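Next come the chains, spelled out residue by residue.
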Amino acid sequence: MKLLRNPVVPPGSTIGMLGGGQLGRMFAIAARQCGYGVQIFGDPQDSPAGQVSDRSWPWSFTDYDALRQFAQHVDVVTYEQENIPVATVETLLQYVPVFPGPELLRASQHRLLEKTSLRRIGIPTADFAKVTSAAELRQSIDDFGGDAILKTVTLGYDGKGQARVRSESACDAIWKSFNVSEAILEKVVDFAHELSIVASRFADGTCNFFAPVLNHHENHILDVSISPSPLISERQTSEAQQIARAILEHFNVIGVLCVEFFATHDGQLLVNEIAPRPHNSGHLTINACRSSQFEQQLRAVCGLATGDVSMQTPAVMLNLLGDHLQNQSASGWQKVFAHQNIHVHLYGKSEIRSGRKLGHLTVIGEDVVAAERLGRELRAGLTGAM
Ligand code: AMP
C-alpha cells in the first residue's frame, strides 16, 4: 500500500486522472511535456484525454475493484470534473494520494452545501433558499419578489437543471418538472458582469493566482473570456484573490480551483460557483501565461514548486461549440491559421452536437477589444453556412 503523505512525485512517475474530458486532455498534455505518464479512469481510450494518455480504465467510478487496480498503477491521482462520487476519492485514498481531497469536491457538487459553507466563512453569494416542495417554492418566490432561479442541487452545469420562476402560478408545474426532493432557489443577480479567478495551493501552503478573467455567457454556457479586462478593478482583483485564498485554505485544497463571481453594479463580488479543478475560463493561460493552469495542477498534485503564473500577453478565449463547427469550412480554418496570434485547441471529439464544447481559440494581442472582434469574426467564418 502506498503512503498517504504528499511526497514529491517526480517526472517519470504516473498520474491517475479521474475523467477523460478536455480538461483531462489539456492536463495530460502538460504532464507529458514534463515527462509524466498519465492514466485515465472512467472513460474509454478514445476520450479526449484518453487519446493523449498511456492507458484508459473505462470502468464506472463505483467499480471499487477496478479503482483498487488502477491505484496500483499510478503514483498520485487528481480529477478533471466535480461529479466524481466522493466515495470514489475516499476509496482511492486508501491506496494512493488524491489531490484535491474530498472536502471541496463534496461541497462543489452540491449547490446548497457549497453556498452554505461559503456563507459560514463570510463569503458573499446571491441570496438563496432551500426548497423541498411546490409550497415552499411559492413561499420563497414571494420572499424574492416574484422572480428567481430554481436550480437542482446536484449535476447542474452550463445552465442545465435550471429554470427561471417568474410567478407563483408557475411554481407547481416547474416543481413537478424538476422531479427532485430538494432544490435551491436563488435570487436573480442583476450583475454588471461575470468574472472568475483560477487559483492554486501547493503542498507547503503557498497559493498563487492567475489574473482574473471577464466572462461572457451565451445560453448559460461560457462563450468568451477576456484577460485582463478594464472592467475588473484592482480592488476586485485583490478581493477575488482573498476569497479564492479563503476557499483554498478552508477546504484544505492542494491543487487548482476556479471561483466564478457576479460583479454587481456597485462593484460587489458575489460567488456564483466553485470548480475544484482547472476551468474553461482559465484556458487562455496556456498561451498567455508563463505557466498554465494545467501546469499548476501538475505542480500542486506532484508536490513540486509553484509555477510563474504571470501573464505574458493579454488574451481572449472563444469557445468552439458544436454550433460553431457544423458544416466546417476549410477556407474558414485557413483564415484562422493565417493569423500568427491565434492558437487553435481542438479536443478530439468526433460527435458534433449543439452546445457541446469541441475546442477553443485563443487570440493574443495587446488590444483585447480588437482580439475579441477578430476572434468572433473568424469563429463565425468556420461554419460553412457563412
Ligand atoms: P451556473 O450553472 O449556476 O453557473 O449558471 C450559469 C450562468 O447562468 C451563470 O454564469 C449566469 O450567467 C447565469 N446565472 C446563474 N445563476 C444566476 C443568478 N442567481 N442570477 C443571475 N444569473 C445567474
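What counts, and at which threshold
- Residues numbered from 1 in each chain as written.
- Predicted model: local features only at pLDDT ≥ 70, side-chain atom pairs only at ≥ 80, totals over all residues.
- Heavy atoms only, no water.
- Axes fitted to C-alpha atoms, helices over the stretch in contact; angles between N-to-C directions.
- Helix = DSSP H or I, 4+ residues; strand = E, 2+ residues; numbered from the N terminus.
- Parallel < 35°, antiparallel > 145°, perpendicular 65-115°, else oblique.
- Left-handed = near helix turned anticlockwise from the far one by under 90°.
- Contact = heavy atoms within 4.5 Å.
- Nonpolar A, V, L, I, M, F, W, Y, C, P; charged D, E, K, R; others polar.
- Polar contact = N/O pair within 3.5 Å; in protein donor to acceptor, adjacent residues only side chain to side chain.
- Buried < 20%, exposed > 50% of the residue type's maximum accessible area, 1.4 Å probe, protein only.
- Pairing = 2+ DSSP bridges.
- Salt bridge = Lys/Arg side-chain N within 4 Å of Asp/Glu carboxyl O.
- Core = buried A, V, L, I, M, F, W, Y, C linked by side-chain atoms within 4.5 Å.

1. A look at the packing of helix α1 (residues 22–33) against helix α10 (residues 293–301)
Now for step 1: Interaxial distance between α1 and α10 falls to 9 Å at its minimum, and their mutual angle equals 70°. In this view, α1 runs roughly perpendicular relative to α10, as classed from their interaxial angle. Considering how the two elements wind past one another, α1 and α10 form a crossing that is right-handed. On α10, the residues touching Leu-23, Met-26, Phe-27, Ala-30 and Ala-31 of α1 are Phe-294, Glu-295, Gln-297 and Leu-298.
Now for step 2: Taken together, the residues that form the contact of α1 with α10 break down as seven nonpolar, one polar and one charged.

2. Comments concerning the packing of helix α6 (residues 134–143) against helix α7 (residues 171–178)
Now for step 1: Contact pair α6 / α7: the axes reach a minimum separation of 9 Å and the direction vectors enclose 125°. Judged by the inter-axis angle, α6 sits oblique to α7. As for how α6 packs across α7, the hand of that crossing is right-handed. Contact with α6, carried on its side by Ala-134, Leu-137, Arg-138 and Ile-141, involves Cys-171, Asp-172 and Trp-175 of α7 and no other residues of that element.
Now for step 2: Of the residues assigned to the contact of α6 with α7, the class counts are five nonpolar, no polar and two charged.

3. With respect to the side chain of Ser-13
Now for step 1: Counting through the fold element by element, Ser-13 comes out in the segment before β1 (14–18).
Now for step 2: A polar side-chain atom of Ser-13 sits 2.6 Å from the main-chain carbonyl oxygen of Pro-10.
Now for step 3: Non-local contacts of Ser-13, meaning those with residues more than four positions away in its chain, are made with Tyr-36, Gly-37 and Asp-75.

4. As for the pairing of strand β13 (residues 255–264)
Now for step 1: Within β13, ten of the ten residues are buried, leaving the element largely enclosed by the surrounding structure.
Now for step 2: By the alternation rule, side chains of β13 split into Gly-255, Leu-257, Val-259, Phe-261 and Ala-263 and Val-256, Cys-258, Glu-260, Phe-262 and Thr-264, which are all buried.
Now for step 3: Strand direction decides the pairing type here: strand β9 (residues 191–201) and β13, joined by ten bridges, are antiparallel. Residue Phe-191 lies in a different strand from β13, and its bridge partner there is Thr-264.
Now for step 4: Here β13 runs beside strand β14 (residues 269–275); their pairing, made up of six bridges, is antiparallel. Bridge pairing in β14 links Phe-261 to Val-271.

5. A few points about the pattern of salt bridges
Now for step 1: Under the criterion given, the structure shown has 18 salt bridges.
Now for step 2: In this structure, Glu-82 and Arg-277 form a salt bridge, with 2.5 Å as the shortest nitrogen-oxygen distance. You can see Glu-82 sitting in the loop between β4 (76–79) and α3 (86–92) and its partner Arg-277 sitting in the loop between β14 and α9 (285–288), a full 195 residues away along the chain.
Now for step 3: Overall, the relative accessible area of 15% leaves Glu-82 in the buried class.

6. Remarks on the nonpolar core
Now for step 1: With 42 residues, the main nonpolar core has Ile-247, Leu-257, Val-259, Phe-261 and Val-271 as its most contacted residues.
Now for step 2: For this core, the element with the highest residue contribution is helix α8 (residues 234–250), accounting for five residues.
Now for step 3: Sequence-distant contacts of Val-271, defined by excluding residues within four places in its chain, comprise Lys-115, Leu-118, Ile-123, Pro-124, Thr-125, Ala-126, Ile-243, Val-259, Glu-260 and Phe-261.
Now for step 4: Counting 22 residues, the second-largest nonpolar core is a separate cluster that includes Ala-28, Val-38, Ile-40 and Phe-294.

7. Brief notes about the sheet that holds strand β2 (residues 37–41)
Now for step 1: Across the sheet, which stays open at both edges, the four strands sit in the order β3-β2-β1-β4 with parallel pairing between neighbours. Of all strands in the sheet, those bounded by a partner on one side alone are β3 (55–57) and β4. Along the sheet, successive strands turn relative to each other by an average axial angle of 25°, direction set aside.
Now for step 2: Where β1 and β2 come together, five bridges link them in parallel fashion. Its bridge partner lying in β2, Met-17 is registered against Ile-40.
Now for step 3: In the packing of helix α2 (residues 64–73) onto the sheet, the strands contacted are β1, β2, β3 and β4, and the crossing angle to β2 comes to about 175°.

The values reported here are purely geometric and, on their own, carry no functional implication.
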